[in-house]
Amino acid sequence: MLMKDKIAIVTGAASMKGIGWATARRFADEGARVALLDLDEGAVQAAAKAIGSEHRGYACDVRDAAQCQQIVQNIIADFGHVDILVNNAGVSQSKRLMDSTMDDYDLVLDVSLRGAYNMSRALVPHLRSRKTGAIACMGSVAAQRGGGVLGGPHYAAAKGGVQTLAKAMARELGPDGIRVNAVAPGLIETELLIGKIDDAGKQRVADSAPLGRLGTPQDIADAFVYLCSDMSRFVTGIVLDVNGGLHIH
């Protein structure tokens, strides 16, 4: 098992059709115990229970720094320590520049970028005290290619910020034994696509990628297993493209 006896936090993990939950489940398959975070306490507790009794769900709005600090302390008290953080929580919007509002901008930037910043700041002192740890952040192909799939410019900017945040934290935290990386998925088949793209649109995207299909939550979860396990023990500061060749650069 690649994560035996590890304790992991995964944000945005309540949806059992989403990347966060798939990642939590994969970590559990590799021997980790997982703290799942999301806004809806009932939903995230049910999501944790669906993985197994050793895992727990916590309600947390990652936009709120005080909530993040408190939840991290609660998780450390409940599990004893934490080894891994996956900053997965995010909001996708496909609105174009002039169709979006400042409220749209605030929501998308705050959940993805401020959320990753808040959760990392809440956990880093603990990881530093142990001189070890792995943080992985959810980026996007939208940041790699300047949008052009589903996310609007504010979404692409948020994910670009997340990816740059991960690189900067990697440089700063490496001497403390903490690795930080990001994953940049292509178009992934989750419930977030409902109402945003039809089957014909999905097929057009799939046909434009060398591997000829959309991604699955499992594809991204496997990437997070790599980045958060000892398989990548000499890897930090990267943005790992997982897009079936949709964007090659």
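Predicted, not measured: the structure shown is a model, and the values here were computed from it. (Residues numbered from 1 in each chain as written. Predicted model: local features only at pLDDT ≥ 70, side-chain atom pairs only at ≥ 80, totals over all residues. Heavy atoms only, no water.)

Draft legend 1. Layout of the overall build of the chain. If you tally the helices and strands in the chain, you get eight helices and seven strands. The C-alpha atoms of the chain give a radius of gyration of 17 Å, which matches the 18 Å a tight globule of 249 residues would have. When the backbone C-alpha atoms are referred to their principal axes, the chain occupies close to 50 × 35 × 35 Å. Put simply, the chain has 249 residues, and 52% of those count as buried. A separation threshold of at least 6 residues defines the contact pool for the chain, and within that pool the share at least 24 residues apart is 72%. (Helix = DSSP H or I, 4+ residues; strand = E, 2+ residues; numbered from the N terminus. Rg over C-alpha atoms; globule rule 2.2 N^0.38 Å. Buried < 20%, exposed > 50% of the residue type's maximum accessible area, 1.4 Å probe, protein only. Contact = heavy atoms within 4.5 Å.)

Draft legend 2. Inspection of the sheet that holds strand 7 (residues 239-242) at higher detail. Within the open sheet, the seven strands sit side by side as 3-2-1-4-5-6-7. Their pairing is parallel. Edge positions in the sheet fall to strand 3 (56-59) and strand 7, since each of these pairs with one other strand and no more. On average, each strand axis in the sheet is tilted by 20° relative to the strand beside it, whichever way the strands run. Here four bridges tie strand 6 (residues 178-185) to strand 7, and the two strands are oriented parallel to one another. Bridge assignment links Pro-185 to a residue of strand 7, and that residue is Val-242. Those strands touched by helix 2 (residues 41-51) are strand 2 (33-38) and strand 3, and its axis lies near 165° from that of strand 3. Helix 6 (residues 153-173) rests against strand 5 (133-138), strand 6 and strand 7 of the sheet, and its axis sits at about 160° to strand 6. (Pairing = 2+ DSSP bridges. Axes fitted to C-alpha atoms, helices over the stretch in contact; angles between N-to-C directions.)

Draft legend 3. Representation of the pattern of salt bridges. Per the stated rule, a full pass over the model turns up 12 salt bridges. One salt bridge connects Arg-128 with Asp-176, and the closest N-O pair in it is separated by 3.0 Å. Of this pair, Arg-128 sits in helix 4 (residues 102-130) while Asp-176 sits in the loop between helix 6 and strand 6, and the two are 48 residues apart along the sequence. For Asp-176, a relative accessible area of 16% translates into the label buried. Taking the shortest distance from any N to any O, the salt bridge between Lys-131 and Asp-176 comes out at 3.7 Å. Pair noted here: Lys-131 is in the loop between helix 4 and strand 5 and Asp-176 is in the loop between helix 6 and strand 6, with a separation of 45 residues, a long-range link. One salt-bridge network, in which partners are shared between bridges, spans Arg-128, Lys-131, Glu-172 and Asp-176. (Salt bridge = Lys/Arg side-chain N within 4 Å of Asp/Glu carboxyl O.)

Draft legend 4. Representation of the environment of Gly-57 in the model. Counting through the fold element by element, Gly-57 comes out in strand 3. Taking the C-alpha atoms as reference points, Gly-57 and Asn-88, separated by 31 residues in sequence, lie 15 Å from one another. Dropping the residues within four chain positions of it, Gly-57 is found in contact with Leu-36, Val-44, Gln-45 and Ala-48.

Draft legend 5. Examining the pairing of strand 3 more closely. Where strand 2 lies against strand 3, four bridges are found, and the strand directions are parallel. Bridge pairing in strand 3 places Ala-35 opposite Arg-56. Handedness of the strand 2-helix 2-strand 3 crossover: right-handed. (Right-handed = clockwise from strand over helix to strand, strands pointing away.)

Draft legend 6. Quick peek at the side chain of Thr-23. Locating Thr-23 in the fold gives a position in helix 1 (residues 19-29). When residues no more than four places from it in sequence are discounted, the contact partners of Thr-23 are Val-10, Val-86, Ala-221 and Phe-224.

Draft legend 7. Representation of the nonpolar core within the structure. Formed by 34 residues in total, the largest nonpolar core has its most connected members in Ile-9, Leu-37, Ile-75, Met-119, Ile-135 and Val-180. Sorting the residues of this core by element identifies strand 1 (7-11), strand 2, helix 3 (65-79), helix 4, strand 5, helix 6 and strand 6 as the ones contributing at least two each. Top element by residues in this core is helix 4. It accounts for seven residues. Formed by 31 residues, the second largest nonpolar core is a distinct cluster that contains Ile-19, Val-34, Ile-220 and Val-235. (Core = buried A, V, L, I, M, F, W, Y, C linked by side-chain atoms within 4.5 Å.)

Draft legend 8. Looking closely at helix 8 (residues 217-228). For helix 8, which comprises 12 residues, the first-to-last C-alpha distance of 16 Å matches the rise-based estimate of 16 Å (1.5 Å per residue) to within 8%. Taken together, the buried positions of helix 8 are occupied by Pro-217, Ile-220, Ala-221, Ala-223, Phe-224, Val-225, Leu-227 and Cys-228. Looking at the buried side of helix 8, the elements it contacts are helix 1, strand 4 (84-87), strand 5, strand 6 and strand 7. (Expected span 1.5 Å × (residues − 1).)

Draft legend 9. Looking closely at the state of the cysteines. A full pass over the atoms with the stated rule returns zero disulfides. The thiol of Cys-68 is unpaired, and the distance to the nearest cysteine sulfur, on Cys-60, comes to 4.1 Å. For Cys-68, a relative accessible area of 0% gives the class buried. The thiol of Cys-228 is not disulfide-bonded; the next cysteine sulfur, from Cys-137, is found 9.4 Å away. (Disulfide = S-S within 2.5 Å.)

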